[in-house]
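Reading the structure
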Amino acid sequence: MAHPCRSCLLRSLRVAAEFQGSAWRRSYAKLASSSCAQGRREKPVEVEADEDVEDFAVSSGISRPLSEILKQINKKVPDTLVKSRHENGFTSKYIPWHVVNRIMNLHAPEWSGEVRSITYSADAKSVSVVYRVTLYGTDAEIFRESIGTASVDDTSYGDPVQKAEAMAFRRACARFGLGLHLYHEDLS
């Protein structure tokens, strides 16, 4: 059973960064939640982080002011995490939704996201999803919403609703500044 005490939860989560060669290695260690209630410490369980976020600086996101969270989110995403898609003769750069999710978890662990609406066009040829991302800081909480639209006929990257949701999620995070540099690169 999880211990409800917030201070115990904060103590039980430790982010460790060790420098190995030229890359950062992250491990997340979580102490057993019962250790506080029983008055003893237990050995941390180490879990290796995904290598995709290897180049991103570690930050403690729990219980921080929004300005610090936004400063981390606004940093340039390493090129190794950026993908390219070729459609209709155009090439566009994007950050996959699962990478955006990991970056949000790393720098703003107390964020939340929700689908606000799913709407099919009148001719049933496209679907639009409105997604809201909320950041919680010690001083305030803010949210951003965005919309993603996908053609019902285009199943090249999965289900159209999932594609529209992923697009809306990435765009809502971009409104906080995450990956916003990709939009500026397209203009130059």
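All of these numbers come straight from a predicted model, not from anything done at the bench. (Residues numbered from 1 in each chain as written. Predicted model: local features only at pLDDT ≥ 70, side-chain atom pairs only at ≥ 80, totals over all residues. Heavy atoms only, no water.)

Further remarks concern the overall build of the chain. A count of helical and extended segments in the chain gives six helices and eight strands. Scanning the chain from its N terminus toward the C terminus, one meets helices and strands in the order α-β-β-α-β-α-β-β-α-β-β-β-α-α. By the burial criterion, 34% of the 188 residues in the chain qualify as buried. Pairs at least 24 residues apart make up 52% of the contacts formed inside the chain by residues separated by at least 6 positions. Carbon and sulfur atoms form 52% of the exposed surface of the chain, whose accessible area is close to 11400 Å². (Helix = DSSP H or I, 4+ residues; strand = E, 2+ residues; numbered from the N terminus. Buried < 20%, exposed > 50% of the residue type's maximum accessible area, 1.4 Å probe, protein only. Contact = heavy atoms within 4.5 Å. Areas by Shrake-Rupley, 256 points an atom, 1.4 Å probe, with all protein chains shown as cover.)

Packing of helix α4 (residues 97-107) against helix α5 (residues 160-174) brings their axes to within 10 Å, and their N-to-C directions diverge by 40 degrees. It follows from the interaxial angle that α4 and α5 lie oblique. Two packed elements cross with a definite hand, and for α4 against α5 that hand is left-handed. For the pair α4 and α5, the contacting residues are Trp97, Val100, Asn101 and Met104 in the first and Ala166, Phe169, Arg170 and Cys173 in the second. (Axes fitted to C-alpha atoms, helices over the stretch in contact; angles between N-to-C directions. Parallel < 35°, antiparallel > 145°, perpendicular 65-115°, else oblique. Left-handed = near helix turned anticlockwise from the far one by under 90°.)

What follows concerns the sheet that holds strand β7 (residues 126-136). With antiparallel pairing, three strands are arranged side by side in an open sheet as β6-β7-β8. Either end of the sheet is taken by a strand with one partner, and the two such strands are β6 (112-120) and β8 (141-151). Pairs of neighbouring strands in the sheet enclose a mean axial angle of 20 degrees, with direction left out of account. Bridge count for β6 against β7 is eight bridges, and the pairing is antiparallel. From the neighbouring strand, Val115 faces β7, where its bridge partner is Tyr131. Its contacts with the sheet put helix α3 (residues 66-73) on β7 and β8, and the angle it makes with β7 is roughly 130 degrees. (Pairing = 2+ DSSP bridges.)

In the structure shown here, the tally under the stated rule is two aromatic pairs. Ring geometry for Tyr131 and Phe169: centres 5.4 Å apart, planes at 70 degrees, overall edge-to-face. Residue Tyr131 is found in strand β7, and its partner Phe169 is found in helix α5; the two are separated by 38 residues along the sequence. Taken individually, Tyr131 and Phe169 each receive the classification buried, so the pair is uniform in this respect. Taken together, Trp111, Tyr131 and Phe169 form an aromatic cluster joined through their ring pairs. (Phe/Tyr/Trp six-rings, centres within 6.5 Å; stacked < 30°, edge-to-face > 60°.)

The set of residues buried in α3 consists of Leu66, Ile69, Gln72 and Ile73. Axial view of α3: buried residues confined to an arc of 130 degrees, hence all on one face. Tucked inside the fold, the buried residues of α3 contact α4, β7 and β8. (Arc of directions from axis to C-beta.)

Below, the discussion takes up the confidence of the model for the chain. Averaged over all residues, the pLDDT of the chain is 74; the fraction at 70 or higher stands at 65%. Confidence drops under a pLDDT of 50 for residues 1-50, and excluding neighbours within four residues, the segment shows 73 contacts in the predicted structure. (pLDDT = per-residue confidence, 0-100.)

As for its position among the elements, Ile103 is in helix α4. Residues Ile103 and Val77, 26 residues apart in the sequence, show an inter-C-alpha distance of 9.2 Å.

As a further point, take the pattern of salt bridges. A side chain with one charge may pair with a side chain of the opposite charge, provided their charged atoms come close. Scanning all chains against the criterion turns up five salt bridges. With its nearest N and O atoms 3.2 Å apart, the salt bridge here joins Arg116 to Glu145. Of this pair, Arg116 sits in strand β6 while Glu145 sits in strand β8, placing them 29 residues apart in sequence. What makes Glu145 partly exposed here is its relative accessible area of 28%. Connected via shared salt-bridge partners are Glu114, Arg116, Arg132 and Glu145. (Salt bridge = Lys/Arg side-chain N within 4 Å of Asp/Glu carboxyl O.)

This next bit is on the nonpolar core. Soluble globular proteins: nonpolar side chains tend toward being buried together. The biggest cluster of nonpolar side chains holds 23 residues, and the ones touching the most others in it are Ile73, Met104, Val133, Leu135 and Leu178. Within the residue set of this core, elements represented by two or more residues are α3, α4, β7 and α5. Those residues in contact with Val133 that lie beyond four places of it in its chain are Met104, Trp111, Ser112, Gly113, Ile142, Phe143, Arg144, Phe169, Ala172, Cys173 and Phe176. (Core = buried A, V, L, I, M, F, W, Y, C linked by side-chain atoms within 4.5 Å.)

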